[in-house]
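Report on the structure
What follows is each chain in one-letter form.
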Amino acid sequence: MIQKDSDLTYKIGISMTPGVNADVARALESHGIELKDFFELPMSALLEIIPNVRLQNVDRQEALFRARNEESFARRHNIRCIYYTDDEYPILLREIQDAPVMLYVLGNADLNASPAVAMVGTRKCTAYGMGFCESFVNDFAPYYPEAAVVSGLAFGIDAAAHTAALKNNIKTFAVLAHGLDTIYPSQHRDLARNILNKGGALISEYPTGTRPFRANFLHRNRIVAALSEATIVVESEIKGGAMSTANLAFNYNREVYALPGRVSDRASEGTNLLIAQNKAKIFTSLADMMAEMGWPLAGCHNIVPPVKNLFPELDGDARTIYQCLHQKNVPMAIDELHKSTALPISTLLAVLTELEFDGVVVRLPGARYEAR
């Protein structure tokens, strides 16, 4: 007896058919074409509905064959296969023109978690960028315990963002550029496992067996951008995946923020350029971002946005830096602070980021700082 194919098999099969994209899926839906009909209608009738798709009958049959194997693998490994029209499909992602037809998801997290913030940046990040990731999520998490941090599981800023979310017990989504039968980079297997254990998700549009080709990374960036209400570019050179994500988010009418850096820092060239081109707002503080985004403080009524501390109680390196700025009473660059305090540059950048979030110091154009 021949086993009948399930609706899920047909959905996967449609997504695997060459030439089928979100526009085709929308056309099929608008014409009331049932999933099964896509594979059984005469080719001439189907091409009247989607005339711009170069499709042959053999393409449909091969896709259906592959779909059966994919469904079997997904069921064995608890992978959710979410089709474009399914209720589970992320609402924000469905809005974009080039939305993926199928998502493969490990983890039971709600992909419509809100607010969702993408944090992206260079693999060759600095202590300044890593410190920002930790500080931002540490301050962000108490306000929005149901939020999600979205990134790409790469080295550098991606890993720092995921790790900060895990540390602060909020969900994090890793969007991958390959099938869910592998993890790239392999050094992040434990990180991926922790993401799942803490209620997050691994997300891909690619079926099993898809290797991490370079083009896939650029293509997956649209998912990172579209899943998120706001994208923060933490550090980036002029060219890089983070710049691609920022431009995509900008074109999707999402809010884009960039962390400014010194003009001499290569890792900040891209973020500074985004600000200069008005493609990103300059990140000044979490409080400002919350106000600009209009995010309500649901469930956090006893928490208020950070305000200026007129009489800060500081100790250690933070006290040293604040006293130096307060006594000089003029804006100081990192190099000047380094000479005055004898603290390492990496320590200065990390502590200044903390002080900025606490409203104790303010960062000025040209990467200069002054006490408030």
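Here goes a summary of the coordinates provided. (Residues numbered from 1 in each chain as written. Predicted model: local features only at pLDDT ≥ 70, side-chain atom pairs only at ≥ 80, totals over all residues. Heavy atoms only, no water.)

Observations concerning the overall build of the protein
The helix and strand tally for the protein stands at 16 helices and 12 strands. Structurally, the protein occupies a C-alpha span of about 85 × 35 × 35 Å along its principal axes. Counting only residues that meet the buried cut, the protein has 54% of its 372 residues in that class. Look at the contacts in the protein between residues 6 or more apart in sequence, and 70% of them connect residues 24 or more apart. (Helix = DSSP H or I, 4+ residues; strand = E, 2+ residues; numbered from the N terminus. Buried < 20%, exposed > 50% of the residue type's maximum accessible area, 1.4 Å probe, protein only. Contact = heavy atoms within 4.5 Å.)

Looking at the pattern of salt bridges
Scanning the entire structure with this criterion turns up 17 salt bridges. Of the charged contacts in the structure, one is a salt bridge between R262 and D335, with a shortest N-O distance of 3.8 Å. Linking R262 in the loop between β8 (255–258) and α12 (269–276) with D335 in helix α15 (residues 334–341), this pair joins segments that are 73 residues apart in sequence. Assessed through its relative accessible area of 45%, D335 is described here as partly exposed. Beyond isolated ion pairs, a larger network of salt bridges with shared partners links D98, E205 and R222. (Salt bridge = Lys/Arg side-chain N within 4 Å of Asp/Glu carboxyl O.)

Some words on the nonpolar core
Soluble globular proteins: nonpolar side chains tend toward being buried together. Within the largest apolar cluster, 79 residues are counted, with the highest numbers of intra-cluster contacts made by F38, I50, L103, F173 and L202. If near-sequence neighbours (up to four positions away) are discounted, F173 is found in contact with A109, D110, L111, A113, A148, V149, V150, S151, H162, G200, A201 and I203. Within the second largest apolar cluster, 50 residues are counted, among which are V117, I157, M293 and C324. (Core = buried A, V, L, I, M, F, W, Y, C linked by side-chain atoms within 4.5 Å.)

What to know about the layout of surface pockets
If you add up the space inside the largest pocket, you get close to 650 Å³. Along the wall of the largest pocket there are 26 residues; nearest its centre are R123, F217, G240, G241 and A242. At six residues, helix α10 (residues 214–227) tops the list of elements feeding residues into the lining of the largest pocket. Split into classes, the residues belonging to the lining of the largest pocket amount to 10 nonpolar, nine polar and seven charged. (1 Å grid on protein atoms, 1.4 Å probe; cavity = no way out; pocket = protein on both sides within 12 Å on 5 of 7 lines; lining within 4 Å. Points joined across faces, edges and corners; volume = space filled by probe spheres on them. Nonpolar A, V, L, I, M, F, W, Y, C, P; charged D, E, K, R; others polar.)

Brief notes about the side chain of S204
Along the chain, the position of S204 falls in strand β6 (residues 201–204). One polar contact links the side chain of S204 to the main-chain amide nitrogen of Y206, over a distance of 2.9 Å. Look past the residues within four positions of S204 in its chain and what remains in contact with it is M102, L103, Y104, L176, H178, G179 and L180. (Polar contact = N/O pair within 3.5 Å; in protein donor to acceptor, adjacent residues only side chain to side chain.)

Some remarks on the sheet that holds strand β10 (residues 332–333)
Two modes of strand pairing occur in sheets, parallel and antiparallel, and in both the strands are linked by backbone hydrogen bonds. Reading across the sheet, the three strands line up as β10-β12-β11 and stay open at both edges, with antiparallel pairing between neighbours. Bordering the open sheet on either side are β10 and β11 (361–364), each of which pairs with just one other strand. Here two bridges tie β10 to strand β12 (residues 368–371), and the two strands are oriented antiparallel to one another. Residue pairing for β12: A333 is matched across the bridge by R368. Strands β10, β11 and β12 of the sheet are contacted by helix α14 (residues 316–328), whose axis makes an angle of about 85 degrees with β12. (Pairing = 2+ DSSP bridges. Axes fitted to C-alpha atoms, helices over the stretch in contact; angles between N-to-C directions.)

Structural notes on empty space enclosed by the protein
For the coordinates displayed, the defined rule picks out two cavities of 30 Å³ or more. The volume enclosed by the largest cavity comes to roughly 50 Å³. F132, L259, F283, T284, S285, T353, E356 and F357 are the residues that line the largest cavity. A per-element tally of the lining of the largest cavity places helix α16 (residues 345–357) first, with three residues. Every residue lining the second largest cavity is listed: E70, I79, Y104, L180, Y206, P207 and T208. Across the lining of the second largest cavity, the residue classes break down as five nonpolar, one polar and one charged.

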